[in-house]
Structures are given as structure tokens and as C-alpha cells.
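If you want the building blocks of each chain, they are given just below.
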Amino acid sequence: MNKLEQLVAQLDLVNQLLITRVSLENNAHRMHFFMQLKAVSQKVSLAEKNWQVKNACSPISSEK
């Protein structure tokens, strides 16, 4: 293998490493986003449950 072929092979490896790194970072950002989305969804669900409990026990709803 001559020098030029070695350089091309090294560039291919560097390119593959960069693509892999970008892919991993992209996946990490997606995972972080979905974890935040899940946390918000859980908070909304809990708030809805708390509202339903308060609403069911309120004197106004029992008078109807």
C-alpha cells in the first residue's frame, strides 16, 4: 500500500469515527428530550389526578 492509499484509508476511518460520534450525540439528545417529555407527561397526569380528587371531594360537587 503506498502513502496515498494509506492516507485515504486513514481519512475513511476518521470519517467513520466522526459519523459515529455525531450519531451518538444525536441519540443522546433524543433520549434527553424523550426523558423530559416523559417527566412532563407524568407531572400532567399527576396534576389531573389531583384535580379529579379535589373536584370529587369539593362541597360544590356534592351539593349537585
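Residues numbered from 1 in each chain as written. Predicted model: local features only at pLDDT ≥ 70, side-chain atom pairs only at ≥ 80, totals over all residues. Heavy atoms only, no water.

The next subject is the overall build of the protein chain. When its secondary structure is counted, the protein chain shows two helices and zero strands. Counting every position in the protein chain, which comprises 64 residues, the buried fraction comes to 2%. Carbon and sulfur atoms provide 64% of the accessible area of the protein chain, an area that totals close to 6400 Å². (Helix = DSSP H or I, 4+ residues; strand = E, 2+ residues; numbered from the N terminus. Buried < 20%, exposed > 50% of the residue type's maximum accessible area, 1.4 Å probe, protein only. Areas by Shrake-Rupley, 256 points an atom, 1.4 Å probe, with all protein chains shown as cover.)

This part is about the packing of aromatic side chains. The way to describe two aromatic rings as a pair is by their centre distance and the angle between their planes. Scanning the model with the defined rule gives one aromatic pair in all. Ring geometry for phenylalanine 33 against phenylalanine 34: centres 5.3 Å apart, planes inclined by 70°, an arrangement best described as edge-to-face. A relative accessible area of 46% means that phenylalanine 33 is categorised as partly exposed. (Phe/Tyr/Trp six-rings, centres within 6.5 Å; stacked < 30°, edge-to-face > 60°.)

All told, the structure shown has one salt bridge when counted by the stated rule. Ionic pairing is found between glutamate 25 and arginine 21, a salt bridge with its closest N-O pair at 3.1 Å. Of this pair, glutamate 25 and arginine 21 both sit in helix α1 (residues 3–57), four residues apart, which is roughly one turn of that helix. On the basis of relative accessible area, arginine 21 is assigned to the exposed category, the value being 54%. (Salt bridge = Lys/Arg side-chain N within 4 Å of Asp/Glu carboxyl O.)

What follows is about a nonpolar patch on the surface. A cluster of nonpolar side chains, namely Phe33, Phe34 and Leu37, defines an oily patch on the protein surface of about 320 Å² accessible area. Positionally, leucine 37 belongs in helix α1. (Patch = residues over 30% accessible without salt bridge, like charges linked within 9 Å, V, L, I, M, F, W, Y side chains within 5 Å.)

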